[in-house]
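# Understanding the architecture of this molecule
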Amino acid sequence: EADSEGAEELVERLLGGYRAGVEPGLLQEAKDLVRNSIQSSVCLICISTVKRVDPIWSCGTCYVSFHITCIQRWAKDTIFQQKQHLEDDPDRTEKEKKICWSCPKCRTERPPKSIPQSYDCYCGREREPAWDPWLTPHSCGERCGRQLSGCSHRCSLLCHPGPCPPCPQTVQQPCHCEQGGPTTRRCSAAPWSCGRECGQDLGCRTHTCPAICHPGSCRPCERTSVQSCECRKTKEPRPCSAPVFKCGHPCGTLLSCGYHSW
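What this report covers is the structure whose coordinates are included nearby.

Analysis parameters
- Residues numbered from 1 in each chain as written.
- Predicted model: local features only at pLDDT ≥ 70, side-chain atom pairs only at ≥ 80, totals over all residues.
- Heavy atoms only, no water.
- Helix = DSSP H or I, 4+ residues; strand = E, 2+ residues; numbered from the N terminus.
- Buried < 20%, exposed > 50% of the residue type's maximum accessible area, 1.4 Å probe, protein only.
- Contact = heavy atoms within 4.5 Å.
- Areas by Shrake-Rupley, 256 points an atom, 1.4 Å probe, with all protein chains shown as cover.
- Polar contact = N/O pair within 3.5 Å; in protein donor to acceptor, adjacent residues only side chain to side chain.
- Salt bridge = Lys/Arg side-chain N within 4 Å of Asp/Glu carboxyl O.
- Pairing = 2+ DSSP bridges.

### Some remarks on the overall build of the protein chain
A count of helices and strands for the protein chain gives four helices and 10 strands. The secondary structure elements of the protein chain, listed N-terminal to C-terminal, are α-α-β-β-β-β-α-α-β-β-β-β-β-β. Evaluated residue by residue, the protein chain yields a buried proportion of 32% over its 262 residues. Excluding contacts between residues fewer than 6 apart, the proportion of contacts in the protein chain whose partners are at least 24 apart in sequence is 30%. For the protein chain, the exposed area adds up to about 16700 Å²; of that, 49% sits on carbon and sulfur atoms.

### A look at the side chain of His67
The topology assignment puts His67 in strand 4 (residues 65-67). At 3.2 Å, the side chain of His67 and the side chain of Asp54 are in polar contact. Every residue in contact with His67, bar those within four places of it in the chain, is listed here: Cys43, Cys46, Ser48, Thr49, Val50, Asp54, Pro55 and Ile56.

### What to know about the pattern of salt bridges
The full count for this structure, using the stated rule, is two salt bridges. Of the charged contacts in the structure, one is a salt bridge between Arg127 and Asp120, with a shortest N-O distance of 3.6 Å. The exposure class assigned to Arg127 is exposed, which follows from its relative accessible area of 59%. Among the residues examined, Asp120 registers a relative accessible area of 31% and is labelled partly exposed. A salt bridge links Glu222 to Arg219; the shortest N-O distance between them is 3.4 Å. Arg219 carries the same exposure label as Glu222, and that label is exposed.

### What to know about unusual backbone geometry
One non-glycine residue, Glu128, adopts positive backbone phi at about 55°. With respect to the helices and strands, Glu128 occurs in the loop between strand 6 (109-110) and strand 7 (170-173). The residue His138 is not glycine, and still its phi comes out positive at about 70°. Summarising the element assignment, His138 is placed in the loop between strand 6 and strand 7.

### Focus: the pairing of strand 9 (residues 224-228)
Looking down a regular strand, the side chains alternate between one sheet face and the other. Two strands pair when backbone bridges link them, and strand 9 and strand 10 (residues 235-239) are joined in this way by five bridges, in the antiparallel orientation. The partner of Ser228 across the bridge, within strand 10, is Lys235.

### Thoughts on the side chain of Ser65
Secondary-structure assignment places Ser65 in strand 4. Contacts of Ser65, omitting those with residues within four sequence positions, involve Ser41, Val42, Cys43, Val50, Ile56, Trp57, Ser58 and Tyr122.

Here's what the structure looks like:
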């Protein structure tokens, strides 16, 4: 119970600069991310508990932590075994370029040069972070500052394990079809629909998009209209999304010689 209370104190401290003006749902999502990340874990290589004072390496994809000595040994052994299998391979030179090691948990492949050489804090700012009972284990205690996914802002939490929570910054964002004027929205949920008909000109340049305000490009026009063939001799109803067609009759256009035609 004491450990649980201590973990909650760390969560509240980490979110100190994040909670101002943030909606309850977004704040709870951030709490859950941080809470799950600071719980004690087991190194999947040696099957021993990763203690708060143990030097670690944290995978940047699945965010699982390992003892740094374990992951170094794991990576070197993996690369050594791959090289052993290539000793008598005639394509050895080419295949050596593909040698890699991977995270034991998510199997994300990494080049040999990426084997961790030092114990760094989560945000990478400090090497060999000192143990401090008032800070999150393996953290430098400074603002994270990592680039957030999908926007230009940086994480405002203190150095923390796991993924950065959704961006809490506010931006002025028009709706998908831009008919709705810019409104103030959370950066992590900036795209929005005004609920009105899109109305943008379609590729046929005759009709407009009938779909409700939506992200991305409009779908091809599903209506039909009278279209001319390439030689302009025949007209017939055709799908607006495929206006170009050949009528199958001789073109009759005079060639550059001035005597013959197609």
